[in-house]
Amino acid sequence: MASDTGSPSIWAADDKLSYALLSLLIFISYFIAAKAGLAMAFVHGNVSAVWPPSGIALAALLVYGWKILPVLTLANFLVTLTTPTPFWISVGIAAGNTVEYALAYFLLHVLCHKKDHGQFNSLRTVLCLLPCVLFAPAAAALLGALSLCYGAIAEWALYWDIVLTWWLGDAVGILLIAPSCMLGFSLLAYLRSVSQEKVIEFFALTATGLFASWVLFSDIFAFPAGTRSAAYVLFPFIMWGALRFQMFGALNAALAISIPAVIGTAHGVGIFSSDSQTESLLQLQAFIAVLTMTGMMMASALYERQQAARYAIQTERRIRQQNAELQRLAEVSAHHLQEPVRRQISYAQLLAYAIEHMPPHSDINKADLLLPMQFIEQGATRQKALLHDIERFLAAGTALAPAQPQETQQVLHQLSHRLQGQCQAKKASIEFDHLPPVFMDKSRLEDLFYELIGNALQHAHPTASHRLVITLSARQAGRRVYFRVEDNGQGIAPAYRAKVFAVFETVNPHTTGTGIGLAIVRRIVESVDGHISCHSTPTGGCRFSFDLPAA
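Below: a short report on this structure. (Residues numbered from 1 in each chain as written. Predicted model: local features only at pLDDT ≥ 70, side-chain atom pairs only at ≥ 80, totals over all residues. Heavy atoms only, no water.)

1. Concerning the overall build of the protein chain
Scanning the protein chain from N- to C-terminus turns up 16 helices and seven strands. Taken across its 551 residues, the protein chain has 46% of its residues classed as buried. Of all intrachain contacts in the protein chain linking residues separated by at least 6 positions in sequence, the fraction that spans at least 24 positions is 73%. Here the protein chain displays about 28,300 Å² of accessible surface, and carbon together with sulfur accounts for 63% of that area. (Helix = DSSP H or I, 4+ residues; strand = E, 2+ residues; numbered from the N terminus. Buried < 20%, exposed > 50% of the residue type's maximum accessible area, 1.4 Å probe, protein only. Contact = heavy atoms within 4.5 Å. Areas by Shrake-Rupley, 256 points an atom, 1.4 Å probe, with all protein chains shown as cover.)

2. Structural notes on the environment of P236
Looking at the element boundaries, P236 is found in helix α9 (residues 235-266). Each C-alpha atom, one on P236 and one on G209, is 9.5 Å from the other, the two residues being 27 residues apart in sequence.

3. Comments concerning the pattern of salt bridges
One side chain can pair with another of opposite charge once the charged atoms of both are near each other. Using the criterion set out here, one finds six salt bridges in the structure. One salt bridge connects E201 with R244, and the closest N-O pair in it is separated by 2.9 Å. With E201 in helix α8 (residues 196-216) and R244 in helix α9, the pair connects residues that are 43 residues apart, well separated along the chain. Using a relative accessible area of 17% as the deciding quantity, one classes E201 as buried. The class of R244 is partly exposed, set by a relative accessible area of 40%. A salt bridge links R320 to E316, with the nearest nitrogen and oxygen atoms 2.7 Å apart. Taken together, the residues R320 and E316, both in helix α10 (residues 277-356) and four residues apart, mark about one turn of the helix. Look at R320 and you get exposed, because its relative accessible area is 59%. (Salt bridge = Lys/Arg side-chain N within 4 Å of Asp/Glu carboxyl O.)

4. Structural notes on the environment of C181
Inspection of the secondary structure puts C181 in helix α6 (residues 159-184). Residue C181 is classed as partly exposed on the basis of its relative accessible area, which comes to 27%. Taking the C-alpha atoms as reference points, C181 and A60, 121 residues apart in sequence, are found 8.7 Å from one another. Discounting residues that sit within four places of it in the chain, C181 has contacts with I56 and A59.

5. Side note on the sheet that holds strand β5 (residues 480-487)
The five strands are arranged β2-β4-β5-β7-β6 in an open sheet whose pairing can be described as mixed. Across the chains shown, the open sheet's two edge strands, defined by having one partner strand only, are β2 (428-432) and β6 (532-536). Looking at each pair of strands side by side, their axes are set apart by 20 degrees on average, direction ignored. Both β6 and strand β7 (residues 542-549) contribute to a ladder of five bridges, which runs antiparallel. (Pairing = 2+ DSSP bridges. Axes fitted to C-alpha atoms, helices over the stretch in contact; angles between N-to-C directions.)

6. Considerations on helix α16 (residues 517-527)
Among the eleven residues of α16, nine are classified as buried, and the element is accordingly described as predominantly covered. Burial in α16 covers these residues: G517, L518, A519, I520, V521, R522, R523, I524 and V525. Backbone geometry just downstream of α16 places D529 in the positive-phi region, at approximately 60 degrees.

7. Quick word on α6
One turn of an α-helix holds 3.6 residues; hence residues three or four places apart share an orientation. Taking 1.5 Å of rise per residue, the 26 residues of α6 would be expected to cover 38 Å, and the 36 Å separating its terminal C-alpha atoms lies within 8% of that figure. Along its length, α6 shows its largest kink, about 30 degrees, at I174. For α6, the buried fraction is high: 20 of the 26 residues fall into the buried class. (Expected span 1.5 Å × (residues − 1). Bend = angle between axes of the 7 residues up to and from the residue.)

8. Some details on the packing of helix α14 (residues 442-458) against α16
It is at 9 Å that the axes of α14 and α16 come closest, and there the two elements cross at 140 degrees. Remark: the crossing between α14 and α16 carries left-handed chirality. Residues R444, D447, L448, E451, L452 and N455 of α14 form the contact with α16, whose participating residues are G517, L518, V521, I524, V525 and S527. (Left-handed = near helix turned anticlockwise from the far one by under 90°.)

9. Digging into the packing of aromatic side chains
The final tally for this structure, using the stated rule, is 18 aromatic pairs. Seen in terms of ring centroids, F211 and W214 are 6.1 Å apart; in terms of plane orientation they differ by 45 degrees. Their pairing is tilted. In this pair, F211 and W214 both sit in helix α8, three residues apart, roughly one turn of the helix. Put simply, the rings of F217, Y232, F235, F272 and F287 touch in pairs and so form one group of aromatic residues. (Phe/Tyr/Trp six-rings, centres within 6.5 Å; stacked < 30°, edge-to-face > 60°.)

10. Notes on the environment of F221
Tracing the chain through its elements places F221 in the loop between α8 and α9. Residues F221 and G270, 49 residues apart in the sequence, show an inter-C-alpha distance of 8.5 Å.

11. Re the pairing of β5
In terms of strand pairing, strand β4 (residues 468-477) meets β5 through eight bridges, oriented antiparallel. The residue bridging R475 from the neighbouring strand is Y482, located in β5. Turn length for the β4-β5 hairpin, with the two strands adjacent in sequence and antiparallel, is two residues, and the turn residue G478 shows positive phi of about 70 degrees. Strand direction decides the pairing type here: β5 and β7, joined by seven bridges, are antiparallel. Bridging across to β7, R480 finds its partner in P549.

12. Looking at the nonpolar core
Within the largest apolar cluster, 85 residues are counted, with the highest numbers of intra-cluster contacts made by L58, L72, L108 and L129. Examining the composition of this core, we find that 15 residues originate from one element, α9, more than from any other. (Core = buried A, V, L, I, M, F, W, Y, C linked by side-chain atoms within 4.5 Å.)

13. Examining the side chain of S213
Mapped onto the elements of the fold, S213 is located in helix α8. Once you skip the residues sitting within four places of it in the chain, S213 turns out to touch L234, A256, I257, P260 and A261.

14. Side note on the packing of α6 against α9
Contact geometry of α6 with α9 gives a least axis separation of 10 Å together with a crossing angle of 130 degrees. Here α6 lies oblique to α9, going by the angle between them. For the pair α6 and α9, the sense of crossing is left-handed. Residues L176, I177, P179, S180 and L183 of α6 lie in contact with α9, whose contacting residues are M247, F248, L251, A254, L255 and S258. Grouping the constituent residues of the contact of α6 with α9 by class yields nine nonpolar, two polar and no charged. (Parallel < 35°, antiparallel > 145°, perpendicular 65-115°, else oblique. Nonpolar A, V, L, I, M, F, W, Y, C, P; charged D, E, K, R; others polar.)

15. Quick notes on the side chain of S416
With respect to the secondary-structure elements, S416 resides in helix α12 (residues 408-418). Setting aside residues up to four positions removed in sequence, S416 forms contacts with I430 and F432.

16. Here's the deal with unusual backbone geometry
A positive phi angle is found at Q246, which is not glycine, with a value near 55 degrees. Turning to its location among the elements, Q246 is positioned in helix α9. Taking the relative accessible area as the measure of exposure, Q246 reaches 19% and is therefore buried. One non-glycine residue with positive phi stands out, namely K427, at about 55 degrees. Looking at the element boundaries, K427 is found in the loop between α13 (420-426) and β2.

Right, here's the structure in full:
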């Protein structure tokens, strides 16, 4: 087996440095956002109706996992400690917020499918966010308010006002900030993938949303009391963003509207202003929550509709391709199966004639009779192999067992043992190391690698001095694992590379194969939405590159 070289101590040092820098960045982001939120704390100095850190915390957990939770706890504790709050009350508040972040992260893991973690494009994930918004902030609100009142920092008469304010501020923070942070990582790539006109439209949406919100939540126009219905004019911006830019547009419009709205309401101006700043901010946060959820549900529903349409087009294309393949298979099979049958009939007739006209007590050599019988056996064996490979080709497009995580390393270890005799005969070796697991059925995964390795063994150099080396490598990128199967054999001429994956195509007519093996490989790869290609290696051999779903 091949093995990677490297110094574990160096890797460990790099991991520690990366974790330290990452922790510092998240700590600073959390601390600044928390101070900005506490600047709008009116019901109590430690309770704000605007709390972006809850969304930052959930996004950090979704990206980096449980290891970042102690950093969030420490950041929250130090933020509280910088306010006029005793040490033990700061500990209680930090404990409540830690429970909130852990519960929100846990609920998303339980309710969402593994592949949807951190992906807020599907309607299911958006709906899974609702229990996190409803239940997780309640833990922090109840424990935090209890700590404040029990420590005589706040009056017991304000307990439920503190709980409501705390809960709503954290809930909107999770609902709006967490998805925005997650999608923010890929915003630049998204803008690069669309046309210039659409990029201009995206920034126009941001500018007009900011302006409309600024008009409604500033003192430019003296809106009379009770004109909160004017906030409905902001919904078209959410719809514009969702319909034109899906989740990116919906969250961008919600953020653009929320920033002037929160600032204006906190300063006592705008359509939500009232005698009580806390009541004004609570009503505004409820409005922002409805606005954001409306945009996210619309964007996710549109995304799923487009995905369904794209899947239908791909399915139709795949069905047409498979029908064409089956038609070609039927036509070519008829020709290939007729040849061994004709030879069997011919030699059988020859054998029957020889036996029929054999004189009594003839001294005819038995070898003259055995030779036709051998040809008949060879033809029948060839026909059996063809029928077997045709059956495998037809079954290669559909999994016979449910897809499950498969350890590629283990499958190849078993396959290497199975092919040990052939490898010794060809003086070949199979080398691989650190192959990621994949998500598919085991039988077809074994067939896939068996055919590729078998193809390399068939096309080994005829010279005994040339040692055949078959190397398998892989890397995981997102939800796919990209494999390479390379050898230093005879290689495949450029003129044949486009045809090697077709049925009954053989590069070397002297091989004993049926010409269906690589067609089976392509059919398996494409059945899991993968792609396979064939190239030459610098050593003159052949390289097959393909991708499979990651476990």
